[in-house]
Amino acid sequence: MPSLNIRLATEADRNAIWEIFHDVVTPGDTYAFDPKMSREEALAYWFRADTHTYVVELDCLKQSSFQPGYRRVVGTYILRANQTGGGAHVANAAFMVAASARGEGVGRAMGEHCLNEARRLGFRAMQFNFVVSTNESAVRLWQQLGFKVVGTLPGAFRHPAKGYVDVYVMFRSL
Ligand SMILES: CC(C)(COP(=O)(O)OP(=O)(O)OC[C@H]1O[C@@H](n2cnc3c(N)ncnc32)[C@H](O)[C@@H]1OP(=O)(O)O)[C@@H](O)C(=O)NCCC(=O)NCCS
């Protein structure tokens, strides 16, 4: 059973993060990022000064307790304040799992880790501003982690295949 390790990202993770980011954003079906966003723009956004950036490593090839395993970055998330000033006690986060590693619990592990980190950093609630309603795996995971849909933005996302679809604002207190 491969083990997951979640830690703060470093400069050395930039290539792995860009690969995941690029694969997630290019289809244009989950995030309102420009699918043609450059590596520099993407990494500047993901490593913004006000942002805590994390990666998930999968311990892939651990053969025995004497042999260190090869670790592959399979996911990344960011955590930051959703607003400044009077709104700074509410966190915001974004999550990306490599396509090859989805459906294996990486997203759930990041979500749980993120909630704990947000509590540790003193946030009182977490808000997702733009969850595309057709992104079933994300909506279901966030609901399982205690988030509620508190608002629906009608037709706020232009899905490449489904056209204009609703977007959810999701929220939970911590
Ligand atoms: C959304 C995302 C982060 C989920 O990560 P993941 O590692 O695939 O999810 P997990 O394996 O941890 O699964 C957790 C839960 O997600 C839901 N889920 C995962 N894959 C699913 C699928 N194919 N269909 C429906 N629900 C699914 C389930 O509720 C699952 O829990 P369960 O297995 O107990 O039913 C990941 O798919 C991803 O990076 N997608 C692209 C980027 C994105 O959409 N980010 C979120 C934007 S709001």
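The preceding data block contains the structure.
Residues numbered from 1 in each chain as written. Predicted model: local features only at pLDDT ≥ 70, side-chain atom pairs only at ≥ 80, totals over all residues. Heavy atoms only, no water.

A word on the pairing of strand β2 (residues 52-59)
We apply this condition: Only protein chains enter the area calculation, which uses a 1.4 Å probe; residues under 20% of their type maximum are buried, those over 50% are exposed, and those in between are partly exposed. Counting from the N terminus, the helices are DSSP H or I runs at least four residues long and the strands are E runs at least two residues long. Strand pairing follows a simple DSSP-based rule, namely that at least 2 bridges must link the two strands.
Counting buried residues along β2, seven of its eight residues qualify, which places the element largely inside the surrounding structure. Sheet topology places strand β1 (residues 4-8) next to β2; five bridges connect them, and they run antiparallel. Across the sheet, residue Asn 5 finds its bridge partner in β2, namely Glu 57. Of the strand pairs in this sheet, β2 and strand β3 (residues 71-81) are connected by eight bridges, and their pairing is antiparallel. Within β3, the position partnered with Leu 58 by the bridge is Arg 72.

Details of helix α2 (residues 39-46)
Quick note on the threshold: Directions pointing from the helix axis toward each C-beta atom define the arc. Two residues form a contact once any of their heavy atoms are found within 4.5 Å.
Along α2, the positions that sit buried rather than exposed are Ala 42, Leu 43 and Trp 46. Around the axis of α2, the buried residues are gathered within 90 degrees of arc, so they sit on the same side. Along its buried surface, α2 packs onto α1 (14-25), β2, β3 and β4 (90-97).

With respect to the site of the ligand
Heads up, the condition is: A molecule or strand has a residue near it when one of that residue's heavy atoms lies within 4 Å. Put plainly, a pocket is an open set of points on a 1 Å grid over the protein atoms alone with protein on both sides within 12 Å along at least five of seven lines, a cavity is a set where a 1.4 Å probe fits but cannot get out, and a lining residue has an atom within 4 Å of a point. For a molecule to be placed in a cavity or pocket, more than half of its atoms must lie within 2 Å of the grid points of that cavity or pocket.
Contacts to the ligand come from 20 residues, most closely from Val 97, Gly 105, Gly 107, Arg 108 and Asn 135. Placement of the ligand is best described as lying within the largest pocket. Listed by contribution, the elements that provide at least two residues to the shell around the ligand are β4, α3 (106-120) and α4 (136-144). It is α4 that provides the largest number of residues to the shell around the ligand, a total of six residues.

What to know about the pattern of salt bridges
Applicable threshold: Definition used for salt bridges: Asp or Glu carboxyl oxygen within 4 Å of a side-chain nitrogen of Lys or Arg.
Counted according to the given criterion, the structure contains eight salt bridges. Linking Arg 7 and Asp 13 is a salt bridge whose minimum nitrogen-to-oxygen distance equals 2.8 Å. Here Asp 13 falls in the buried class, since its relative accessible area comes to 5%. Notably, a salt bridge pairs Asp 50 with Arg 80, separated by 3.9 Å at the nearest N-O pair.

What about the nonpolar core?
What counts, and what does not: Working definition of a nonpolar core: buried Ala, Val, Leu, Ile, Met, Phe, Trp, Tyr and Cys residues. They are joined through side-chain atoms within 4.5 Å.
Core analysis: the biggest nonpolar cluster contains 29 residues, and Tyr 77, Leu 79, Phe 95, Met 126, Phe 128, Trp 142 and Phe 147 have the highest contact counts within it. Residue assignment for this core shows that the elements contributing at least two residues are β2, β3, β4, α3, β5 (125-132) and α4. A per-element tally of this core places α3 first, with six residues. Filtering out sequence-adjacent residues up to four positions away, Phe 95 remains in contact with Tyr 31, Trp 46, Thr 76, Tyr 77, Met 110, Gly 111, Cys 114, Phe 128 and Trp 142. With 18 residues, the next largest nonpolar core counts Trp 18, Ile 20, Val 24 and Ala 94 among its residues.

Things to note about the layout of surface pockets
Selection rule: Grid points are joined across faces, edges and corners, and a volume is the space filled by probe spheres set on the points. Each residue receives one of three labels: charged for Asp, Glu, Lys and Arg, nonpolar for Ala, Val, Leu, Ile, Met, Phe, Trp, Tyr, Cys and Pro, and polar for the others, Gly being one of them.
Roughly 980 Å³ of internal volume is contained in the largest pocket. In terms of lining residues, the largest pocket is bounded by 36 residues, among which Tyr 31, Phe 95, Asn 135, Ala 138 and Trp 142 are the most central. Looking at the lining of the largest pocket, the elements with two or more residues in it are α1, β4, α3, β5 and α4. Grouping the amino acids of the lining of the largest pocket by side-chain chemistry returns 20 nonpolar, nine polar and seven charged. Size it by volume and the second largest pocket reaches roughly 170 Å³. At the level of elements, α1 and β3 are the ones that each hand at least two residues to the lining of the second largest pocket.

Description of the side chain of His 159
Relative to the assigned elements, His 159 resides in strand β6 (residues 148-159). Residue classification places His 159 among the buried positions, given a relative accessible area of 10%. Among all residues touching His 159, those that are not within four sequence positions of it are Asp 29, Thr 134 and Val 165.

Section: the packing of aromatic side chains
As a reminder, the rule being used: For Phe, Tyr and Trp, rings pair up if their centres lie within 6.5 Å, where Trp contributes its six-membered ring, and each pair is then called stacked (planes under 30 degrees apart), edge-to-face (over 60) or tilted (otherwise). Both a distance and an angle decide whether a charge sits over a ring: NZ of Lys or CZ of Arg must be within 6 Å of the ring centre and within 35 degrees of the ring normal.
Applying the stated criterion to the full structure yields 13 aromatic pairs. On the basis of an interplanar angle of 80 degrees and a centroid distance of 6.0 Å, the ring pair of Phe 95 and Phe 128 is categorised as edge-to-face. Remark: Phe 128 occurs in strand β5 and Phe 95 occurs in strand β4; sequence separation between them is 33 residues. Of the aromatic side chains, those joined through ring pairs into one cluster are Trp 18, Phe 21, Tyr 31, Phe 33, Tyr 45 and Trp 46. A cation over a ring is seen here: Arg 14 above Phe 47, with NZ or CZ 5.0 Å from the ring centre.

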